[in-house]
Amino acid sequence: MTGSTLDHDVALEWVRRWDAQQERYIADREERFRVIGDVVAHVCRDVTAPLVADLGCGPGSLTTRLRGRVGGRVVGLDADPFLLGLAKAADPEGEYEHADLTGSGWLDLVGGSWDAAVSTTALHWIAPERLAEVYRAVASRLRPGGVLVNGDHLREEQPALRTLAEHVRDERARRAGVVGNEDWRAWWEAARADERLTTVFTEEEMAAKGSGHGNGLSARQHGELLRAAGFSEVGTVWQHGDDHVLVAVR
Ligand SMILES: C[S@@+](CC[C@H](N)C(=O)[O-])C[C@H]1O[C@@H](n2cnc3c(N)ncnc32)[C@H](O)[C@@H]1O
């Protein structure tokens, strides 16, 4: 950060633009958020002040929505200082912490015994052997009956079905009218050209950290890693094309 403060309205504008950009790839992103909220609200139905971690929260889209839905503490964790800066300025009541999930020490940023960990379109960035460590770490913090809920594109293993799942996803995007939305690269380029942001964040902070290409794990492979990490049940509760909400129960 340069020392200048990011304006709340500017941050909100960029988070909304982020949401539209992400919908280009996930037409039913809002429904996916609601489904994740359904799961967490049910698991926390008898909990007065739930504790939830949002892994790879980006600019806080899910973190904010989930806090509105379940109350308690929803702590957003992310390694990207710019996206995290947007989250903090757009949602000043929220809790956001800088954390590299492939590093150490991040569990303690949330503290306590967790009711749930959630994640959207983020865990595919992490290599399988590191993801196994993340799953073990999350399992160590979740209370019995707590859940890890992951919304992400998961690779279909069977080739003909993979083609069909991707076709269904693309047709849904066409019907939803999101195909022409700004893409990932254009969003980052536009952000780096906005003086209201470049006066607050350094060039290094505003360098996109990844291309979004993933570890290519299928739902079955996530299931294997999750069971090995100590989760007792794993399954998909919602799916459209290759877009899944996968739930693992501690
Ligand atoms: C496509 S964005 C999704 C952000 C947000 N969950 C959403 O749905 O809008 C992926 C996010 O994962 C974060 N991420 C990737 N690898 C990470 C890691 N090792 N530790 C923490 N965050 C990571 C990125 O910084 C980015 O914010």
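Residues numbered from 1 in each chain as written. Predicted model: local features only at pLDDT ≥ 70, side-chain atom pairs only at ≥ 80, totals over all residues. Heavy atoms only, no water.

S.K.: So what exactly am I meant to see when it comes to the pairing of strand β3 (residues 95-98) here?
M.R.: Regular strands place side chains that alternate from one sheet face to the opposite one. Across four bridges, strand β2 (residues 73-78) lies against β3 in parallel orientation. Following the sheet pairing, Asp78 is matched in β3 by His98. Crossover connection from β2 via helix α4 (residues 81-90) to parallel β3: handedness right-handed. (Pairing = 2+ DSSP bridges. Helix = DSSP H or I, 4+ residues; strand = E, 2+ residues; numbered from the N terminus. Right-handed = clockwise from strand over helix to strand, strands pointing away.)

S.K.: Would you mind going over unusual backbone geometry with me for this structure?
M.R.: Of all residues except glycine, most have a negative phi; of all peptide bonds, most are trans. A positive phi is found at Thr121, a non-glycine position, where the angle reads about 50 degrees. Tracing the sequence through the fold places Thr121 in the loop between β4 (114-120) and α6 (128-141). Taking the relative accessible area as the measure of exposure, Thr121 reaches 18% and is therefore buried. (Buried < 20%, exposed > 50% of the residue type's maximum accessible area, 1.4 Å probe, protein only.)

S.K.: When you look at the pattern of salt bridges in this model, what are you seeing that I'm missing?
M.R.: Side chains bearing opposite charge may pair, as long as their charged atoms lie close to each other. A complete count under the given rule lists 20 salt bridges for this structure. Two residues, Asp19 and Arg29, come together in a salt bridge whose shortest N-O distance is 2.9 Å. Of this pair, Asp19 sits in helix α1 (residues 8-23) while Arg29 sits in helix α2 (residues 29-43); the two residues are 10 residues apart in sequence, bridging distant segments of the chain. A salt bridge links Arg65 to Glu30, with the shortest nitrogen-to-oxygen separation between them at 2.8 Å. You can see Arg65 sitting in helix α3 (residues 61-70) and its partner Glu30 sitting in helix α2, a full 35 residues away along the chain. Here Glu30 falls in the partly exposed class, since its relative accessible area comes to 26%. Connected through shared salt-bridge partners, Asp19, Arg29, Glu30 and Arg65 make up one network. (Salt bridge = Lys/Arg side-chain N within 4 Å of Asp/Glu carboxyl O.)

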